[in-house]
Number of protein chains: 2
Amino acid sequence: MEILQSAAALQAQTEKWRRDGQRIGLVPTMGALHDGHLRLVQAAAAENDVVVVSIFVNPTQFNNPDDFRLYPRLPEADAALLEPAGCTALFLPSVEEMYPQPSKLRFDFGSLEQVMEGAHRPGHFNGVATVVSKLFHLSRPHQAYFGQKDLQQVAIIRQLVADLSFDLELITFPTVREADGLAMSSRNRRLSADARQIAPQLYAALLLGQKLVMQKQLVAAIKDKVHSLLTADKAIQVEYFEIVDTQTLQPIEILVPRQEVALCIAAWLADVRLIDNLLFEVK
Amino acid sequence: MEILQSAAALQAQTEKWRRDGQRIGLVPTMGALHDGHLRLVQAAAAENDVVVVSIFVNPTQFNNPDDFRLYPRLPEADAALLEPAGCTALFLPSVEEMYPQPSKLRFDFGSLEQVMEGAHRPGHFNGVATVVSKLFHLSRPHQAYFGQKDLQQVAIIRQLVADLSFDLELITFPTVREADGLAMSSRNRRLSADARQIAPQLYAALLLGQKLVMQKQLVAAIKDKVHSLLTADKAIQVEYFEIVDTQTLQPIEILVPRQEVALCIAAWLADVRLIDNLLFEVK
């Protein structure tokens, strides 16, 4: 596995691969890798000739400076995990390498970003779309892999790819969970022992929400009951719990049979913010 | 010369060219070609192995429906001009081909688009950036060619390329003029005989402005005199005349020696809107 730190080196490498007819898979990450990331890398390796994994804690997508400062950074441990998973080239750029000049361009995705993460993290999806566009242009992937845990991010990137006619295929994989149901996340490393014990409540809340949806309860009642479950534990501060259409991400007021819905949650456990979601079809 | 009408056909062709190590030049146009366009095509042919010329009257960059409806469309005449100029592939897509689904994504370039064309044509540069991004992704150019007559467009596209790390080089060429000084433009075809006779006044106004700048007159006085020249003819309705920094495009209040400035003008002659500009260094 090669480690590349400059954009020019990555561009030169991927240009050569393209010319040689190699299929390129890209897995963009912010590092502190877990099994969710590694499954993406393994899938990319199975379906492509070469795999680029980027590790870049992108400052422009953080609205909270503490979250950026405290985001786990473990490049050596990550590198050790990536080679056996099938990574061909690890791209580890500096902030200056990715942003040699300040960006003037800003993206707006309209209704897609006026809910949930977009509403609670101003500027977040502009930063995501900017860095993902850069990574696409540096890596020239045939396929790019993203985890479904960041459901709204996937919707934004799908829109970006369609609206700008990027010539690549997006591949998403389901959320990987710990044995107790907690969605794997790099931010889980920042949880205290106490918070870690409580954290599976987020998934329990999603499962409760799913059960109530299947029982055809009213949306308002479902939200009340899910909030009650979560706020029973004072260590959890719910930021939002939404029932949304999986395509438009707009909140659903009235559930309809055969509708594809996503239950989405964001909550703070002390100073750590976690998100999770569950996708299913209404019966 | 091959004529391609589908995005998929162009992508397949440019993918093959890239794999074969061919250098690709792209000249994006809206058709109704004149010598300004043809010089771009000739330059692209001289510096690349293959040349893609796109002709697409892009609806998303028109804020005025009449301007879109009346924009000259002459695909057969254009095609006859392109082959001898060195065009390898003419891309002639339909609106549905370029926009199979409505765009949700919108670009904002901040201060770069809050002046001149951006201020007077709301949404114009969002449409430009969107279609140019698409054309870059379909054509995979090593070099893309633009005329300096659309000065603000060039600045926007330069920012787009830098901020999203597009792997290509922008090449700009000076404005080509008729013998009487009128900047070549596809919209000139829409001028009445009377308006065509008056139209060179725009360039005369720019030359007067340049002379006054060189005489170190005050910006306000220069603007007054240029406006007076233009409004002497009632057939001309000035939309703006600005003295701006060539990089930031922000209006200049006080001229400084060695400063790179652009004089920019937009004016209506009856129902036809023309723009022009002049770049030079303050002595």
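For the structure, check the block above.
A short tour of the structure in this document, coming up. Predicted model, so just to flag it, every value in this text is computed and none were measured. (Residues numbered from 1 in each chain as written. Chains lettered and ligands numbered in written order. Predicted model: local features only at pLDDT ≥ 70, side-chain atom pairs only at ≥ 80, totals over all residues. Heavy atoms only, no water.)

Some points on the pattern of salt bridges
With the rule as written, the count across this model stands at 32 salt bridges over all chains. In this structure, the salt-bridge partner of R69(B) is D66(B), at a minimum N-O distance of 2.9 Å. On the criterion of helical spacing, the pair formed by R69(B) and D66(B) is a turn pair, its members being three residues apart in helix α3 (residues 65-70). By relative accessible area, R69(B) is classed as exposed at 54%. R177(B) is paired through a salt bridge with D276(B); the nearest N and O atoms lie 2.8 Å apart. Placement of the pair is R177(B) in the loop between β7 (169-173) and α9 (193-198) and D276(B) in strand β10 (residues 272-281), with a sequence separation of 99 residues. The network of salt bridges with common partners includes D67(A), E117(A), R121(A), R187(A), R190(A), E239(A), D271(A) and R273(A). (Salt bridge = Lys/Arg side-chain N within 4 Å of Asp/Glu carboxyl O. Helix = DSSP H or I, 4+ residues; strand = E, 2+ residues; numbered from the N terminus. Buried < 20%, exposed > 50% of the residue type's maximum accessible area, 1.4 Å probe, protein only.)

Overview of the packing of helix α2 (residues 35-47) of chain A against helix α4 (residues 75-85) of chain A
When two helices pack together, you describe them by how their axes are tilted relative to each other and by the distance separating the axes. Residues and elements named next belong to chain A. α4 packs onto α2 with a crossing angle of 35° between their chain directions and a minimal axis gap of 9 Å. The chirality of how α2 crosses α4 is right-handed. Of the residues in α4, those touching α2 at L38, V41, Q42 and A45 are L81, L82 and A85. Among the residues forming the contact of α2 with α4, the class breakdown is six nonpolar, one polar and no charged. (Axes fitted to C-alpha atoms, helices over the stretch in contact; angles between N-to-C directions. Left-handed = near helix turned anticlockwise from the far one by under 90°. Contact = heavy atoms within 4.5 Å. Nonpolar A, V, L, I, M, F, W, Y, C, P; charged D, E, K, R; others polar.)

Some details on the packing of helix α7 (residues 124-139) of chain A against helix α8 (residues 151-163) of chain A
Residue and element names in this part refer to chain A. As a packed pair, α7 and α8 sit with axes 10 Å apart at the nearest point and diverge in direction by 55°. Accordingly, the angle class assigned to the pair α7 and α8 is oblique. Handedness of the crossing formed by α7 with α8: right-handed. Here F125, V128, A129, V132, S133 and F136 of α7 come into contact with α8, specifically with Q152, Q153, I156, I157, L160 and V161. For the contact of α7 with α8, the per-class residue count stands at nine nonpolar, three polar and no charged. (Parallel < 35°, antiparallel > 145°, perpendicular 65-115°, else oblique.)

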